[in-house]
Amino acid sequence: MIIKHKFLDLYLLVGKKILIIGTFNPDVTCNDAKFFYGRAKNFFWRLLPEVFGKESLKGDVKRQKEFLKEHDIELSDLILSADISEKNICSYGDDKLTHVIEYNTENIIKTLSNGRTKEVYFTRKSFDKSVQNIRDEIYKIKEFCDKNGIKFGFLPTPSRFYSQKKLEEWRRIFY
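Definitions and limits used
- Counting from 1, residues in each chain are numbered in the order their sequence is written.
- Local features in a predicted model are, by the rule used here, given only for residues with pLDDT of at least 70; side-chain atom pairs are given and counted only at 80 or more, and totals for whole chains, interfaces and linings are based on all residues.
- The side-chain values count all of the structure's non-hydrogen atoms but skip hydrogen atoms and water molecules.
- Structural elements are reduced to axes, namely lines fitted to C-alpha atoms, with helices fitted over the stretch in contact, and the angle between N-to-C directions of any two is expressed from 0 to 180 degrees.
- Helix and strand assignments follow DSSP, with helices taken as H or I runs no shorter than four residues and strands as E runs no shorter than two, numbered in order from the N terminus.
- Rotating anticlockwise by less than a right angle from the far helix to the near helix defines a left-handed crossing, while the corresponding clockwise rotation defines a right-handed one.
- The contact criterion used throughout is that any non-hydrogen atoms of two residues lie within 4.5 Å.
- Amino acids are sorted into nonpolar (Ala, Val, Leu, Ile, Met, Phe, Trp, Tyr, Cys and Pro), charged (Asp, Glu, Lys and Arg) and polar (every other residue, Gly among them).
- Put simply, a nonpolar core is a bunch of buried Ala, Val, Leu, Ile, Met, Phe, Trp, Tyr and Cys residues held in one set by side-chain atoms that sit within 4.5 Å of each other.
- We call a residue buried when its accessible area falls under 20% of the maximum for its residue type, exposed when it is over 50%, and partly exposed in between, using a 1.4 Å probe and counting protein chains only.
- Only when DSSP finds a minimum of two bridges between them are two strands counted as paired.
- N or O atoms closer than or at 3.5 Å make up a polar contact, with two conditions inside protein: a donor-capable atom paired with an acceptor-capable one, and, for residues adjacent in sequence, both atoms drawn from side chains.

Caption draft 1: The packing of helix 1 (residues 44-51) against helix 2 (residues 61-70), seen in detail. Packing of helix 1 against helix 2 leaves a shortest axis separation of 12 Å and a crossing angle of 35°. Crossing geometry of helix 1 relative to helix 2 is assigned as left-handed. Note on element contacts: helix 2 touches helix 1 through Gln64, Phe67 and Leu68, opposite Trp45, Leu48 and Pro49. Its residues assigned to classes, the contact of helix 1 with helix 2 shows five nonpolar, one polar and no charged.

Following this line, the structure appears as structure tokens:
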């Protein structure tokens, strides 16, 4: 079943100082996220504000958007659409994204070409064989950043759990 991204049509890239790239946010009924990184087992909105010395914004979309604007940050994802089997439609694991229909790589690089973005971060740091296709695409973006003097970093995934160790690693990568 071909699944499109839930938010990317609503939040087009414009070129902010910081770009944070995730993998995919499927537009399916079991996905109750109201905004990027909005699922219950994702701690992005706790980690990112804490990196900037602020309190958690988990669950507060209005304040999340204000935070992004205040810090000149935009969010995007690597995948625009994917063919996902019925049984895997609500699993959200990157390893289930083996049949990508359309990547967002070209749009991301085009936006980076305008020269406004100074930092890019991808919310995944390890790549096993099951996500080789994702690795290949993100490395195209990393290569563009490296050639154009844009800072690029791999963040530990914000999903599954929160820990002080994960927060400290996010802080080191941002600063």
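Still to come is the rest of the account.
Caption draft 2: Layout of the environment of Ile109. Its location among the elements puts Ile109 in helix 3 (residues 105-112). In the structure, Ile109 is positioned 36 residues away from Cys145 in sequence and 8.7 Å away in space, judged by C-alpha atoms. Sequence-distant contacts of Ile109, that is, excluding residues within four places in its chain, are made with Lys140, Ile141 and Phe144.

Caption draft 3: Looking closely at the nonpolar core. Membership of the largest hydrophobic core comes to 27 residues, with the highest contact counts inside it found for Ile20, Trp45, Leu48 and Leu75. Breaking this core down by element, the ones donating at least two residues are strand 2 (18-22), helix 1, helix 2, strand 3 (73-77) and helix 5 (164-174). Looking at this core element by element, the count peaks at five residues for helix 1. Each residue touching Ile20, except ones within four places of it in the same chain, is listed here: Tyr37, Phe44, Leu48, Ile73, Glu74, Leu75, Ser76, Tyr121, Thr123 and Phe174. Membership of the second largest hydrophobic core comes to 24 residues, among which are Leu19, Val28, Phe144 and Cys145.

Caption draft 4: Region of interest: the sheet that holds strand 2. Read across the open sheet, the four strands follow the order 3-2-6-7; overall the sheet is parallel. Looking at strand neighbours, the two that pair on one side only are strand 3 and strand 7 (151-154), the edges of this open sheet. Across the sheet, the mean angle from the axis of one strand to that of its neighbour is 20°, orientation sign disregarded. Note: strand 2 against strand 3, five bridges, orientation parallel.

Caption draft 5: Looking closely at the environment of Tyr37. The residue Tyr37 is located in the loop between strand 2 and helix 1 in this model. By relative accessible area, which is 10% here, Tyr37 ends up buried. The sequence separation of Tyr37 and Pro158 amounts to 121 residues, and the corresponding C-alpha distance is 8.4 Å. Not counting residues up to four positions away in its chain, the partners in contact with Tyr37 are Ile20, Ile21, Gly22, Asn25, Asn42, Phe44, Trp45, Leu75, Thr123 and Pro158. Engagement of the side chain of Tyr37 in a polar contact is seen with the backbone nitrogen of Gly22, the distance being 3.3 Å. A polar contact is formed between the side chain of Tyr37 and the side chain of Thr123, at a distance of 3.2 Å.

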